[in-house]
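Letter by letter, the chains look like this.
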Amino acid sequence: MESHGFAQVQAQAQVSSGVGSPSSGLPHRAALILARGGSKGIPLKNIKNLAGVPLIGWVLRAALDSGVVDSVWVSTDHDEIERVAEVWGAKVHRRSPKVSRDHSSSLATIQEFIRQRPEVDIVCHIQATSPCLHPHHIREALHMITGQGFDYVFSVVRRHQFRWVEVDKKGLLEGKNPTSPNIDVAYRPRRQDWPGELYENGSFYFYRRKDLENGLKQLGKIAYYEMLPEHSVDIDVDIDWPVAEQRVLRFGYFGREEKAAVRLFLCKVSGCLTSSKIYMSVSGEDLVAINARDVAGVQMLKREDIEVILISSVNEPLSRGLLEKVSQQAGCGLRIGEQQKGFDVERLMKEKKLRWDEVAFMGSEAEDVEILSQVGLNGVPCDAPVADLIAAKYTCQRPAGYGAVREFAEYILTLKKKSSSHVNQDRIDRAHF
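Residues numbered from 1 in each chain as written. Predicted model: local features only at pLDDT ≥ 70, side-chain atom pairs only at ≥ 80, totals over all residues. Heavy atoms only, no water.

Okay, the environment of Gly297 next. Of note, Gly297 is situated in helix H8 (residues 292-303). Take Gly297: its relative accessible area is 0%, and that puts it in the buried class. Between the alpha carbons of Gly297 and Arg406 there is a distance of 4.1 Å; along the sequence they are 109 residues apart. (Helix = DSSP H or I, 4+ residues; strand = E, 2+ residues; numbered from the N terminus. Buried < 20%, exposed > 50% of the residue type's maximum accessible area, 1.4 Å probe, protein only.)

Okay, structure coming up:
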């Protein structure tokens, strides 16, 4: 079926995974995310946390896990965006001031990128503001270029909306009626009887190098790739943010770790379960506060057969007696002085016959980086010093001692639900929509 000169193609998932290089003879395929620091609608929008993950992290994770691109780049003019991009595994193209202005076009920015990267043959331009992108979207759309001979592929979504031509106030006062280009008011179709129309959803645009070099003025074969509405999310202004968070929690791509079920949750006491504050009584006793939300989070994990162990380092400011009281209150195990080096945790894993990808860990300090880097799933409170040292899989919106553990526990259970549920469970039933 064709519409407006564009061929609708059902892309096949049979994609070559060969790496493009001059010696291999295969085209070099580069994923490119444009992330300028001067966003006007939402300041530094591209690295603002969305459901615990930097916005740009959602699309970087999908691109890196797609397995069909030879390099993944972020084009930016901002130091902090560069840092986040690198810790999430991307290469960074530092764009020039010429293409970093408010009125700079995406085309000019991409053209600058390919001028400095002569090895790139195909550019997969992915929008940072599309957090529900999945690896299979990239694989299938790229195959339309590498396997089916198209030169330009862009993403669309099907919408069932009736359009009306705008009439200004003067025209309305003069009796001019608005008209609709896609509806007959006397025969308004039911949703299920109308195929709807296709609209660009802005998730991605894939091009061949030659077409970018000529400014997209002489495009050859063009095709669109249709995405499901639940995966078509765009963030432009603040009001979009809470809606996008709910959508991404249900339909987003959480990475390969969602396939592994967490069996053990290790949590630092100070800096995670507590705020590291110690209260002194008149009699000289040490007191510490625990958030009831965090205790409930621990109990939620235990009900799902996930073992929880609190751990402390040799530099733990709390006394052993307080640590034992905290673990008793939380209803979980306690290991003291076994967190300082990774091999201690590895010994614990051998004891319990666990793999790294079956362990989740929540830490907060520089000494936690080694374990955070090795476990299958890691998390940090929003006020953790370690947040600047590692690309955490989940950064809590809450600080330590104020519900961060509960928040991370809910995230772990979300992943468990995704890994155990049927692949199509969360898809909308359009036959009865």
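Moving on: the environment of Trp194. With respect to the element layout, Trp194 can be found in the loop between helix H5 (169-173) and strand E10 (197-208). Judged by its relative accessible area of 16%, Trp194 is buried. Taking the C-alpha atoms as reference points, Trp194 and His160, 34 residues apart in sequence, are found 7.6 Å from one another. Once residues within four sequence positions are removed from consideration, Trp194 is found in contact with Arg159, His160, Gln161, Phe162, Asn182 and Pro189. (Contact = heavy atoms within 4.5 Å.)

Let us look at helix H2 (residues 79-87). Within H2, burial applies to Ile81, Val84 and Ala85. All buried residues of H2 lie within an arc of 100 degrees about the axis, which places them on one face of the element. Those residues of H2 that are buried lie in contact with strand E5 (53-54), helix H1 (55-66), strand E6 (71-76) and strand E7 (91-94). Directly beyond the C-terminal end of H2, a positive phi value near 100 degrees is found at Gly89. (Arc of directions from axis to C-beta.)

Another point: the nonpolar core. Ranked by internal contacts, the top residues of the largest apolar core, which has 83 residues, are Ile56, Ile126, Phe206 and Phe265. In this structure, Phe206 is in contact with Val123, Cys124, His125, Ile126, Ile138, Ala141, Leu142, Ile145, Asp151, Tyr152 and Val153, ignoring residues within four places of it in sequence. In this structure, Leu264, Leu266, Val375 and Ala384 belong to the second largest nonpolar core, which totals 18 residues. (Core = buried A, V, L, I, M, F, W, Y, C linked by side-chain atoms within 4.5 Å.)

Moving on, we come to unusual backbone geometry. The residue Leu216 is not glycine, and still its phi comes out positive at about 60 degrees. As for its placement among the helices and strands, Leu216 is situated in the loop between helix H6 (209-213) and strand E11 (222-227). Positive phi, close to 60 degrees, is recorded for Lys353, a residue that is not glycine. When its relative accessible area of 72% is taken as the criterion, Lys353 is described as exposed.

Now for the confidence of the model for the protein. For the protein, per-residue confidence averages 83 on the pLDDT scale, and 85% of positions sit at 70 or higher. Predicted confidence for residues 1-17 stays below pLDDT 50, and this span has 33 contacts to residues more than four positions away or in other chains. Scored below 50 in pLDDT, residues 422-433 makes 13 contacts in the model with residues more than four places away or belonging to other chains. (pLDDT = per-residue confidence, 0-100.)

Next up on the list: the packing of aromatic side chains. Working definition: an aromatic ring pair is given by the centre-to-centre distance plus the angle between the planes. On inspection of all chains with the given rule, the structure shows twelve aromatic pairs. Their ring planes at 35 degrees and their centres at 5.6 Å tell us that Tyr152 and Phe154 sit as a pair that is tilted. The pair formed by Tyr152 and Phe154 is uniform in burial state, with each residue classed as buried. On the basis of an interplanar angle of 50 degrees and a centroid distance of 5.7 Å, the ring pair of Phe254 and Tyr411 is categorised as tilted. (Phe/Tyr/Trp six-rings, centres within 6.5 Å; stacked < 30°, edge-to-face > 60°.)

Turning to the sheet that holds strand E17 (residues 359-362), a few remarks are in order. Read across the sheet, six strands follow the order E16-E15-E12-E17-E18-E19 without closing on themselves; strand pairing throughout is parallel. The open sheet is flanked by strand E16 (333-336) and strand E19 (394-395), the only strands paired with a single partner. Strand contacts of helix H9 (residues 320-330): strand E15 (307-312) and E16, with the helix running at about 155 degrees to E16, the strand carrying the most contacts. (Pairing = 2+ DSSP bridges. Axes fitted to C-alpha atoms, helices over the stretch in contact; angles between N-to-C directions.)

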